[in-house]
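# A closer look at the structure
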Amino acid sequence: RRYRDTREAFPHLANMGKYSTTIITVIFSLFYNKYRGEDGEIVFYTLWLISHTVSSVYGYIWDIKMDWGFFTRNAGENKFLREEIVYSSKNYYYFAIVEDLVIRFSWVYLHVIKTRHNDGTINVPIEIVVTLFACLEVMRRFIWNFFRLENEHLNNCGKFRAVRDISVAPIDASDQAQIIKLMDDPEPRNFFRNRKKLNKKPTQKAHAETPLLEDAEDLDHSEPLTINFNTSDISKKK
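What comes next is a walk through the structure.

## A few points about the nonpolar core
Within the largest apolar cluster, 13 residues are counted, with the highest numbers of intra-cluster contacts made by Ile 64, Trp 68, Phe 70, Leu 81, Tyr 93, Ile 97 and Phe 147. With near-sequence residues (within four places) excluded, Phe 70 lies in contact with Ile 64, Lys 65, Phe 80, Leu 81, Arg 82, Tyr 93, Ile 97 and Phe 147.

## With respect to helix H3 (residues 41–67)
For an α-helix, the turn length of 3.6 residues means that residues three or four places apart are oriented alike. Between its first and last C-alpha atoms H3 spans 36 Å; for 27 residues at 1.5 Å apiece the expected length is 39 Å, and the two agree. When H3 is considered as a whole, its buried residues turn out to be Trp 48, Ser 51, His 52, Ser 55, Ser 56, Gly 59, Tyr 60, Trp 62, Asp 63, Ile 64 and Asp 67. Taken together, the buried residues of H3 touch helix H2 (9–34), helix H4 (91–104), helix H5 (106–119) and helix H6 (126–155). Downstream of H3 by one or two residues, Gly 69 has phi in the positive range, about 75°.

## With respect to the pattern of salt bridges
Where charged atoms of side chains with opposite charge meet at close range, the side chains can pair. Enumeration according to the criterion identifies 8 salt bridges in this entry. Note that Arg 140 is salt-bridged to Glu 137, the shortest N-O span being 2.8 Å. Pair noted here: Arg 140 and Glu 137 are both in helix H6, with a separation of 3 residues, about one helical turn. With a shortest N-O distance of 2.6 Å, Glu 152 and Arg 148 are connected by a salt bridge. Here the residue Glu 152 and the residue Arg 148 both occupy positions in helix H6, the gap between them amounting to 4 residues, near one helical turn. Its relative accessible area of 27% is what places Glu 152 among the partly exposed residues. Bridged by salt links that share partners, the residues Asp 63, Asp 100, Arg 104, Glu 137, Arg 140 and Arg 141 form one connected network.

About the cut-offs
Residues numbered from 1 in each chain as written. Predicted model: local features only at pLDDT ≥ 70, side-chain atom pairs only at ≥ 80, totals over all residues. Heavy atoms only, no water. Core = buried A, V, L, I, M, F, W, Y, C linked by side-chain atoms within 4.5 Å. Buried < 20%, exposed > 50% of the residue type's maximum accessible area, 1.4 Å probe, protein only. Contact = heavy atoms within 4.5 Å. Helix = DSSP H or I, 4+ residues; strand = E, 2+ residues; numbered from the N terminus. Expected span 1.5 Å × (residues − 1). Salt bridge = Lys/Arg side-chain N within 4 Å of Asp/Glu carboxyl O.

Here is the structure:
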């Protein structure tokens, strides 16, 4: 549908290819289980193994490059990442890159365990093993959401599918002045570039002195304005 509306082959048709490799993997897995122990077993097993490998590599590259926007040429000091990052530590991003790779290929470990279980080498209930690997996949998708949302927020404003004045990072009182500047700045990326050049963090004293924004509805407009005049000073001048 997106390709029909925009006529852009990339990334819409490429994204369709990613899901197509998963469907092909499921089909070959079905035929492998059906012809297990027969003449066609080795053929469908090989096709299933190849398709599953291609699907995992395809999905991992798409996660890292397209969904998260990592490995860009203008990453600067954020090596292997991108120019702007929201979260405070780069280790979060590097951990996610490795974690996504390991769990993307968890089907290999599960297949080896199932084979050893069928041979009698491993005596662990296979249902428990499958459940544990399913939980790992849930964790992988949970972590994927954070960096996908971050990348959308930073880089998806070009086609007016997102707004710039909403922060995905935790907000406290010290961030309010910065958020106001971002809302008024026609190019908010300049803020992140300048912050990286300065490489400074505001002190606790600066945080304490930053005034909080007051809601106009909370102000009391009922008190009259009073002006005190010192009559003695006026009489002296006369």
